Amino acid sequence: MKSTLRFRDDGTFKIVQFTDVHWRNGNERDLSTRKVLDLVLKEDKPDLIVFTGDLIDSTHCEDVKRSFREVLDFAEHAATPFAFVFGNHDSEAGATREELMEIAQEYAYNLAEAGPSDIDGVGNYLLSILDHKEEAPVHTLYFLDSGSYAPAEPIGGYEWIHHSQIQWYAEEAKKRAELRQESIPALAFFHIPLPEYTEVWEKGACIGNKLENVCSPRINSGLFTQLLESGDVVGTFVGHDHLNDYEGDLYGIRLCYGRATGYSTYGREDFERGARIIQLREGEKSFTTWIRLANGQVIEEKLPVNS
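Remember, it's a predicted structure, so these values are computed and weren't measured experimentally. (Residues numbered from 1 in each chain as written. Predicted model: local features only at pLDDT ≥ 70, side-chain atom pairs only at ≥ 80, totals over all residues. Heavy atoms only, no water.)

(A) Spatial organisation of the sheet that holds strand β13 (residues 298-300). The sheet built from six strands is open, its strands ordered β3-β2-β1-β11-β12-β13 with mixed pairing. Looking along the sheet, the strands with just one partner apiece sit at the ends: β3 (82-85) and β13. Within this sheet the neighbouring strands show an average axis-to-axis angle of 25 degrees, counted without direction. By the bridge criterion, six bridges tie strand β1 (residues 12-18) to strand β11 (residues 274-281) in an arrangement that is antiparallel. Looking across to β11, one finds that I15 is bridged to I278. (Pairing = 2+ DSSP bridges. Helix = DSSP H or I, 4+ residues; strand = E, 2+ residues; numbered from the N terminus. Axes fitted to C-alpha atoms, helices over the stretch in contact; angles between N-to-C directions.)

(B) Representation of the pattern of salt bridges. Inspection of every chain in the model, using the stated rule, returns 14 salt bridges. The residue D270 makes a salt bridge to R268 at a minimum N-O spacing of 2.9 Å. For R268, a relative accessible area of 36% corresponds to the partly exposed category. Through salt bridges with shared partners, one network takes in R6, D9 and E134. (Salt bridge = Lys/Arg side-chain N within 4 Å of Asp/Glu carboxyl O. Buried < 20%, exposed > 50% of the residue type's maximum accessible area, 1.4 Å probe, protein only.)

(C) Spotlight on the layout of surface pockets. Its boundaries defined by the atoms lining it, the largest pocket holds a volume of some 160 Å³. Considering the residues around the largest pocket, the lining is formed by 13 residues, among which T4, L5, R6, D47 and P81 are closest to the centre. Within the lining of the largest pocket, the residues separate by chemical class into six nonpolar, three polar and four charged. (1 Å grid on protein atoms, 1.4 Å probe; cavity = no way out; pocket = protein on both sides within 12 Å on 5 of 7 lines; lining within 4 Å. Points joined across faces, edges and corners; volume = space filled by probe spheres on them. Nonpolar A, V, L, I, M, F, W, Y, C, P; charged D, E, K, R; others polar.)

(D) Focus on the pairing of strand β5 (residues 137-143). Within β5, six of the seven residues are buried, which leaves it mostly tucked inside the rest of the structure. Sheet topology note: the strand β4 (residues 125-130)/β5 ladder contains six bridges and is antiparallel. Residue pairing for β5: S128 is matched across the bridge by T140. Between β4 and β5, which pair antiparallel and follow one another directly, the connecting turn spans six residues, one of which, E134, has a positive phi of 60 degrees. The pairing of β5 with strand β6 (residues 186-189) spans four bridges and is classified as parallel. Note on β6: the bridge partner recorded for L141 is L187. This β-α-β element, β5 to helix α4 (residues 163-180) to β6, shows right-handed connectivity. (Right-handed = clockwise from strand over helix to strand, strands pointing away.)

Note that every value here comes from positions in space, so none of it alone points to a role or purpose.
Here's what the structure looks like:
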């Protein structure tokens, strides 16, 4: 039986975002990653764990399925509900997205789903958070597969979230608004940042670090426009760029990077691994967020709260 997500009796709900774990074969670097995972869960005690892509570094895994299981085993042993989206490195070699998603269904605490088979990607789904009395859904979490590499060879670069996925999101947002006769606050999680992540930084309305270029798709497929029109999503959370952890407000939507978690990939010695923490409050459209580093330090963030 799948776990039910609900606000705590004090009206809060806490999410830990791990991103770019890049697990390989349980080597020394992976064990350093495991220490970060353990520390964050011990200190922040989330209601939900979310992995925003590149759980594994498939081209460097001796056994891709075993490595994927090792990441999910960690979440399962924590006895905490977890969800994930795929990144560009999860299914480059050794296993398809479909095969990895099938493995995930064996885990009791897993909430990730393959999603509709008639739209692009694997892992387009949503989760509801119920009020503290478990009477009604009062918050939505959307998960979108941002793909891997551009499917059209002349374009190059990274894949984009496709029209079929955007349409699916729009229809789900509309249905949920009609059901409640009002827009239900929502967050969205995917791996590859939208082109608007560059725009929000250039407008100067950000806090945090930008130590590398935004590696978004070369095609802007219009997801951000749909988020604005649907009006429910107040924050998006991505990974992919290991040296960026900033967040900024663009037209009322907060575009947030996670903090890269894994050691078996590129980074900088002066840029600690870590995780982003997101806290929701029942009945409010805003959220608070902070970063916890591998050394235990907390980086508080003070962007203006959405209203």
